[in-house]
Amino acid sequence: YFMSVAPLFYNKKFTRYVPVGSLTGAGINVLGNFALIPHYGMMGAAWATAASYFIMFVIAHLLAKKAYLVPYQYAKIGTILAIGAAVFGVAFGIGQLSLVWWARGLLKLLTIMAYFPLLLCCKVFEWRRAKQLIGEVSPWRGKMKKPKK
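I will try to describe carefully the structure that is included in this document. The model shown is predicted, which means the values in this text are computed figures rather than measured ones. Think of each chain on its own: its residues are numbered from 1, step by step along the sequence as written. In keeping with the predicted nature of the model, local features appear solely for residues at pLDDT of at least 70, side-chain atom pairs appear and are counted solely at 80 or more, and the whole-chain, interface and lining totals rest on all residues. Hydrogens and waters are ignored; side-chain quantities use all the structure's heavy atoms.

Right, let's get into the side chain of N29. Going along the chain from the N terminus, every DSSP run of H or I of four or more residues is numbered as a helix, and every run of E of two or more is numbered as a strand. Structurally, N29 is set in helix α2 (residues 18–40). With relative accessibility at 18%, the residue N29 sits in the buried group. Discounting chain neighbours no more than four positions away, the residues touching N29 are A48, T49 and S52. Exposed residues in this analysis have more than 50% of their type's maximum accessible area, buried residues have under 20%, and partly exposed residues fall in between, with area computed by a 1.4 Å probe over protein chains only. Contact definition: two residues touch when any of their heavy atoms are within 4.5 Å.

Side-chain atoms within 4.5 Å are what join buried Ala, Val, Leu, Ile, Met, Phe, Trp, Tyr and Cys residues into a set we call a nonpolar core. Counting residues in each nonpolar core, the largest one holds eight residues, listed as V5, L8, F14, V18, A60, L63, A64 and A67. For this core, the element with the highest residue contribution is helix α3 (residues 42–67), accounting for four residues.

A few words on the pattern of salt bridges. Here a salt bridge means any side-chain nitrogen of Lys or Arg lying within 4 Å of a carboxyl oxygen belonging to Asp or Glu. According to the stated counting rule, one finds one salt bridge in the structure shown. A salt bridge links R128 to E126; the nearest nitrogen and oxygen atoms lie 3.3 Å apart.

Peptide bonds are trans in most cases, and residues, glycine excluded, mostly fall at negative phi. A positive phi angle is found at K123, which is not glycine, with a value near 60°. Relative to the helices and strands, K123 is located in the loop between α6 (115–121) and α7 (127–137).

Between N-to-C directions, angles cover 0 to 180 degrees, with each direction set by a line fitted to C-alpha atoms, over the stretch in contact for helices. Two elements in contact, helix α4 (residues 74–95) and helix α5 (residues 101–113), have axes whose closest approach is 9 Å; the angle formed by their N-to-C orientations is 175°. In terms of orientation, α4 lies roughly antiparallel with respect to α5. Taken together, the residues of α5 that come into contact with α4 (itself represented by V87, V90, A91, I94 and G95) are R104, L107, K108, T111 and I112. For this scheme, ten residues count as nonpolar: Ala, Val, Leu, Ile, Met, Phe, Trp, Tyr, Cys and Pro. Four count as charged, namely Asp, Glu, Lys and Arg, and the remainder, Gly too, count as polar. Its residues assigned to classes, the contact of α4 with α5 shows six nonpolar, two polar and two charged. Should an angle fall under 35 degrees it is taken as roughly parallel, and over 145 as roughly antiparallel, whereas 65 to 115 is taken as roughly perpendicular and any remaining angle as oblique.

Centre distance within 6.5 Å is the pairing criterion for rings of Phe, Tyr and Trp, where only the six-membered ring of Trp is used; planes under 30 degrees apart are then read as stacked, over 60 as edge-to-face, and the remainder as tilted. Per the counting criterion, the structure on display carries four aromatic pairs. For the pair Y72 and Y74, a centre-to-centre distance of 6.0 Å together with 50° between the ring planes defines the contact as tilted. A relative accessible area of 46% means that Y74 is categorised as partly exposed. Summarising the aromatic geometry, the rings of F88 and F92 are spaced 6.2 Å apart at their centres and angled 25° between planes, so their arrangement reads as stacked. Residue F88 and its partner F92 are located together in helix α4, separated by four residues, close to a single helical turn. Take F88 and F92: they sit in the same class, and that class is exposed.

Have a look at this one:
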């Protein structure tokens, strides 16, 4: 939601619509809570909140497209979501197997670790960019000295 609402602040004509999206989301959340909590408890509240954030995202995204065009790469975003859903589904399925706890945990860990290589294989990222990202999040960044030439 926050990434999609940011472009609205670049055009002063559209900032007045930010509260509209937020209040719509809040209203959906309250109505969803009244409808879902009596039947589903905490999970109902979570689903109501997820639905309200999705609606706020859609409203902000549609308005932001008019305020300030951001060239999103929808194919890459869809690929990332599809691979993430597949990895989640496999990890969830592994949790249902009747294996000892450590074997299930190890298989889940290996499945989750396969996410980034799968993104690389599907060409969501290039190897050059992957190395750059790994270097940015590495705990040793800036601590290791480069060898002298």
